[in-house]
Amino acid sequence: MILLQQSMLDGLTGDDIRIEKIREKLQAAIELEHSTVPLYLYALYSLDPAKNGEIVSIIRSVVVEEMLHMTLASNVLNAIGGSPRLDDPKFIPTYPGPLPGGVEKQLTVQLAPFSMAQLEIFLTIEEPQDPLNFKLAAAQGDGITIGDFYRHIAKAIAKLGPSIFVHGPHNQVGPDLVEESVVVTDVASAGQAITTIVEQGEGTSKTPLEIIGKGYAHYYRFMQIKKHYLLEPKGDSFAYDGPPVPFDPAGVYPVPTQTAGWSYPPGSAAAAENDTFNYTYTNLLKALDALFNGQNTAAQMNRTLGLMMSLKELAKAMMSGIPDSKRYSGPTFQYQPANLQHG
Amino acid sequence: MSYLNAVRLHFAGQFQANVSSVNNDPEHFRNSTFEPNFQRLQGPGMNPPNGWFNPEGDGGFRLLGCKITSAWTQSGPVGANDPVLSSKIADADDRVCGKLVDLDPQQQLVSEIWGLQVRLIDRTGVNLLTGDFLEAPFIDLWDRAIGASGNGDVDGGAAYQSVLQNLVWGDVSKSPFLTQLKALVESGIAAGGKGSLSIKFNLDGINLDFRSPSFMCGRIAGTIGPASPGEPRYMVLGRHFVAYRSQASVPAQNFFYPAGSLNFCAGVIDRAASNLYLDLGNALPTTVPGGPMFDLGDLTVHAMNGAVSLGAILSQGAHGYASQTNWYEGCAGVVFLPLNAAQLAAAATSQLTISGAIPNSVISEASGGGYVRADKYVYRVTPGESVDVTFYAMQWGQPLADFDIQFVQDPSQLQPGAPLLSEQPSPAYLNVATPADAIKFAATATTDRNGKAVLTINTSNPGAPRWAGPTDFGLDGQVYGIRASFKYSAAPNANNPVAPSDAVAPWDFVSILLWSEFKTSDPVQWSEIQPILQQYANLYPVMNRFLDLGDLDSVKKNLRLLKLAFGLAPSDPNSMPVTRDLSKQKRQALLSWLANPVGAPTPPSPAPPVPSTTVAPSTQQAFAALSKGGKTAAAARRLIRQGAKK
């Protein structure tokens, strides 16, 4: 279970709750949701789908929901008069490093190909406070869980009440553009958006099922990989005895694990491809920034989707040895506003 | 005004043209004979050919590390403190990159750039200007690297000219250059224009080594200036220098090897500024691909049959085009010569000639100063549609009014057949320009007072001349060529706009892809759609990174993505390359089916025969001939090349 610093709750509790603080925390929430995406994508595209199809499906389904969570947190932030900021070098965490807001030195994440060890990191990120079928996690210092963090945001919003909401839907990215999204206009819809995030991430204390959405909470989705079987309802409970989720280590491309200070030799083919990837990635952040700040149109959503597809295509080429089957690399996910290779 | 004028900026850097090479071979369009190895990289020396040199290409056209190297206002080069000089040229930052698309596997020599956004960004990355590049094909393809000629695509050079539209200006107040450029655009809008910029760039030195960091990249050098209302978008209204093909058999000619070493180029005389502007950007040969300019000696420009010198472009010294390694990047080949009153008068109505110091290095205007060309020269047409093609005629750079232009079908530069086919002559389904009567147009048209003539091309269903079977479409429709020339009744003389010569610009013709009529059941069935998608899956292995397009389940899981990819305007960079390969009727059928995906899975087709792994020496030779690149292989199939019938 990842624990956030106690300071993440500063300004959300007590009698002196200020809207600026809530906005700041929602921005932090968007950054936190985003911070797992490069990690999951790196593992996802390191897998040969012909050999590890089930694992690919599971990781991909989680990434899609992390994108939804970014949208939901942005909707809440917009609804209370804030402006999500994604087009910013500081928006992207440094890998390897801690997740944003994480308790110092508790968990360092790095971009690495899929492995059972990397899966353990994913499980730690997504682990709920009281994982079902597991003994209660021991008290871990003075950190707070991601769920706690969101619940405090919801409480703080409820406490300040309707007056903090911008009149009418403001810069909302609704379900017409992003499936399962929630248009936030008041305390109730803000609560619904936040509940969706928490339950898709953690589940509830009663069931691993998502209340909103089609599957299990992220932790249980990843556990299926660890247990090698899909989770299925059994009687009035659940068990990991569905169809198998095999892991074929030969179906992982030999891409680098990005240790501290990782970079490709300047002028190398991998560096050139990585430049194009990072430029496209930065453009996606710009496009999302626009989508969440008033350009909430189908056309902008299409531009965003196009960039996501382009990133997928570029990452898969780098990681699966295209065009040179003797060379496997992986993107570094860095902010790069111009494609200056060869420049 | 166009890019070739006093107010202009030059930029240089690299481009990436990451085209897929599977569709280079027309035989790869037949689903029934498609083999899995056609999606793999070619072997050494193209043995085996497989999917040629870049089967996994994504079609992207990207601008890489392009710097602004100089900028000019009406009063000369801008000062070093103008921030435009520390700015860069980049492609889109809020959408995917542009795409490079062939018209047809049998007309691969007009590859168009679609959906490219061009940005001018300051040193901190802030947008000073963005514009959408109006899709355009290249022209004047030639064997440019004469120091290494014979190696194919890597030696080639070509030029793109178009306009940048939908301009969005940032804060340009700190740059005197951009302030002046913006003012010119705004005065163009005031005069009824759309507010565009004119852009022209030259590409050369493409790298086809898949292990190189520069794989599918090459050199780009270009120029941007104001576009005046009413002027053509894809060509210069000005003085046009005409190259003759070399009759020598050595060095080998893949595309076009000018006898005078200088390739087709344009000039403009600005009478107010008393300057002759010349764009030699795609006219000067290089020593090696993407390398320095080949030293032809000082290039002197003359008028009046050599009697009046207009000045020289020096090869050596502080500004020497051959001696200064960054000369080309600094000006993109655009130079100007100041003219005095006598020179202006001499140049106004007499043939201009550019001559180098080494023997036979020369290029001239037509002796009568005439030039006619279609502005837009690539069309995709649905049967039954009419297209209006606008031609511009000029003499001595001025509009040539009330003059007859004649038009003929000319398939000579199309590329029938298929590269690895031993069958001679090629089977009928690999012919081009048949049936000839599916396109109809008048034999002549007369220019108006602006030198413009419009040719209406009426079309009808060509049938399926290139289909491989009822459900194995092969190549859709048919490709045609139409060539224009001046029509003159009197015997040719110095006052006629056409030189009494056989100078024919090989690439100067209108290319038309006329699609086959395509009818479906209602509602459209999977069995009718599957062959289209299967062909797409075959030709663009990059799609395997997303889905299996030939598989009903996989397609159904990706309906949203496919609706997006097929539903957008072809000018949208998110529409996949195939969208522009598809006829409107096929695209409409696809969209209908995606909205209502009915039909049962199609039974898997029998596996194609496994090809023999041993290859005869003659076949190895054929492979080696193809290993020079896609454009070289296509150019080798032209009906008429280098003046000799095949």
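(A) Expanded view of the overall build of chain B. Within chain B one finds 10 helices and 32 strands. Dimensions of chain B along its principal axes, counting C-alpha atoms only, are 80 × 55 × 50 Å. Here chain B holds 646 residues, and 56% of them are scored as buried. For chain B, contacts bridging at least 24 residues in sequence account for 73% of all contacts bridging at least 6.

(B) Spatial organisation of the sheet that holds strand β14 (residues 265-270) of chain B. All names here are of chain B. Reading across the sheet, the 8 strands line up as β17-β16-β19-β20-β13-β14-β15-β18 and stay open at both edges, with antiparallel pairing between neighbours. Single-partner strands in this sheet number two, and they are β17 (308-313) and β18 (334-338). Taken pair by pair, the neighbouring strands of this sheet meet at an average axis angle of 25 degrees, ignoring direction. Contacting β14, β15 (275-279), β16 (299-303) and β17, helix α3 (residues 341-348) crosses the sheet at an angle of about 100 degrees to β17.

(C) Structural context of the confidence of the model for chain B. Looking at chain B, the pLDDT average stands at 91 and 93% of residues meet or exceed 70. Under the prediction, the complex receives an ipTM of 0.93, its pTM being 0.94.

(D) View of the pairing of strand β30 (residues 510-514) of chain B. All names here are of chain B. Burial analysis of β30 places 5 of its 5 residues in the buried class, the great majority of the element. Where strand β29 (residues 478-486) meets β30, 5 bridges bridge the pair, whose relative direction is antiparallel. Note on β30: the bridge partner recorded for Gln478 is Leu514.

(E) Fine view of the packing of helix α4 (residues 146-160) of chain A against helix α5 (residues 187-202) of chain A. Residues and elements named next belong to chain A. At their nearest, the axes of α4 and α5 sit 10 Å apart, and the two run at 175 degrees to each other. Taken together, the axes of α4 and α5 are roughly antiparallel relative to one another. Two secondary-structure elements touch here, α4 through Ile146, Gly147, Tyr150, Arg151, Ile153, Ala154, Ile157 and Ala158 and α5 through Val187, Ala190, Gly191, Ile194, Ile197, Val198, Gly201 and Glu202. Within the contact of α4 with α5, the residues separate by chemical class into 11 nonpolar, 3 polar and 2 charged.

(F) Local environment of the nonpolar core. With 272 residues, the main nonpolar core has A:Val76, A:Ile153, B:Leu276, B:Phe391 and B:Ile512 as its most contacted residues. Considering every element that reaches this core, the biggest residue donor is helix α1 (residues 19-45) of chain A, with 12 residues. Setting aside residues no more than four positions away along its own chain, B:Ile512 makes contact with B:Tyr379, B:Val381, B:Ile439, B:Ile457, B:Val479, B:Tyr480 and B:Ile482.

(G) Highlighting the sheet that holds strand β22 (residues 378-381) of chain B. All names here are of chain B. In space, the 5 strands of this open sheet follow the order β22-β30-β29-β25-β27, with mixed pairing throughout. Where the open sheet ends on each side, the last strands, each with one partner, are β22 and β27 (444-446). Strand after strand, the sheet turns through a mean of 25 degrees between neighbouring axes, direction not considered.

(H) Region of interest: the domain arrangement of chain B. Residues and elements named next belong to chain B. The assigned domain composition of chain B is domain 1 (8-19 + 57-365), domain 2 (370-514) and domain 3 (529-595). Computed from C-alpha coordinates alone, the two centres of domain 2 and domain 3 are separated by 31 Å. Counting residues at the interface gives 6 residues for domain 2 and 5 residues for domain 3.

(I) Main features of the environment of B:Val542. Mapped onto the elements of the fold, B:Val542 is located in the loop between α4 (526-539) and α5 (552-557). The spatial distance from the C-alpha of B:Val542 to the C-alpha of B:Gly57 is 6.6 Å, given a sequence separation of 485 residues. Excluding anything up to four places from it in sequence, B:Val542 contacts A:Glu313, B:Ser20, B:Glu56, B:Gly57 and B:Asp58.

(J) View of unusual backbone geometry. All names here are of chain B. A cis amide bond links Asn47 with the next residue in sequence, Pro48, at an omega value of 0 degrees. Looking at the element boundaries, Pro48 is found in the loop between β1 (8-18) and β2 (60-73). Here the bond from Asp522 into Pro523 is cis, since omega is 0 degrees, no more than 30 degrees from zero. Mapped onto the secondary structure, Pro523 falls in the loop between β30 and α4. You will see that Trp52, though not glycine, has its phi angle at about 70 degrees, which is positive. With 26 C-beta atoms packed within 10 Å, Trp52 lands in the buried category.

(K) Region of interest: the pairing of β2(B). All names here are of chain B. Counted residue by residue, β2 has 12 buried out of 14 residues, so it is predominantly covered. Two strands pair when backbone bridges link them, and β2 and strand β5 (residues 98-101) are joined in this way by 2 bridges, in the antiparallel orientation. Each bridged residue has a counterpart across the sheet, and for Gly60 the counterpart in β5 is Lys99. Sheet topology places β2 next to strand β3 (residues 76-77); 2 bridges connect them, and they run antiparallel. When the bridges of β3 are listed, Trp72 appears paired with Pro77. A loop of 2 residues connects β2 with β3, the two strands running antiparallel in sequence.

(L) Region of the structure containing the interface of chain A and chain B. Opposite the 30 residues of chain A that make contact, chain B presents 31 residues. Elements represented by at least two residues in the side of chain A that touches chain B include exactly α7 (269-291) and α8 (298-319) of chain A. Broken down by element, the side of chain A that touches chain B gets its largest block of residues, 11 residues, from α8(A). Across the side of chain A that touches chain B, the residue classes break down as 13 nonpolar, 11 polar and 6 charged.

Rules behind the numbers
Within every chain, residues take consecutive numbers counted from 1 along the sequence as written. Chains and ligands are labelled by the order in which they are written, letters from A for the one and numbers from 1 for the other. Given that this is a predicted model, residues contribute local features only at a pLDDT of at least 70 and side-chain atom pairs are listed and counted only at 80 or more, while totals for whole chains, interfaces and linings are drawn from all residues. Helix and strand assignments come from DSSP, with helices taken as H or I runs of at least 4 residues and strands as E runs of at least 2, each series counted from the N terminus. Counting other C-beta atoms within 10 Å of each residue's C-beta, where C-beta atoms are placed from the backbone, gives the exposure class: buried for 20 or more, exposed for 12 or fewer, partly exposed between. Contact between two residues is assigned whenever their backbone-derived C-beta positions fall within 7 Å. When DSSP locates at least two bridges between a pair of strands, those strands are taken to pair. An axis is simply a line fitted to the C-alpha atoms; with a helix, the fit covers only the stretch in contact. Between two such axes, the angle follows the N-to-C directions and lies from 0 to 180 degrees. Summary of the metric used: pLDDT quantifies the predictor's per-residue confidence within the range 0 to 100. Should an angle fall under 35 degrees it is called roughly parallel, over 145 degrees roughly antiparallel, and 65 to 115 degrees roughly perpendicular, with every other angle called oblique. Ten residues, namely Ala, Val, Leu, Ile, Met, Phe, Trp, Tyr, Cys and Pro, are considered nonpolar, four, namely Asp, Glu, Lys and Arg, are considered charged, and the remaining ones, Gly among them, are considered polar. The nonpolar core criterion groups buried Ala, Val, Leu, Ile, Met, Phe, Trp, Tyr and Cys residues into a set whenever they are joined through C-beta atoms within 7 Å. These domain limits were set by an automatic method or by a database of domain assignments.

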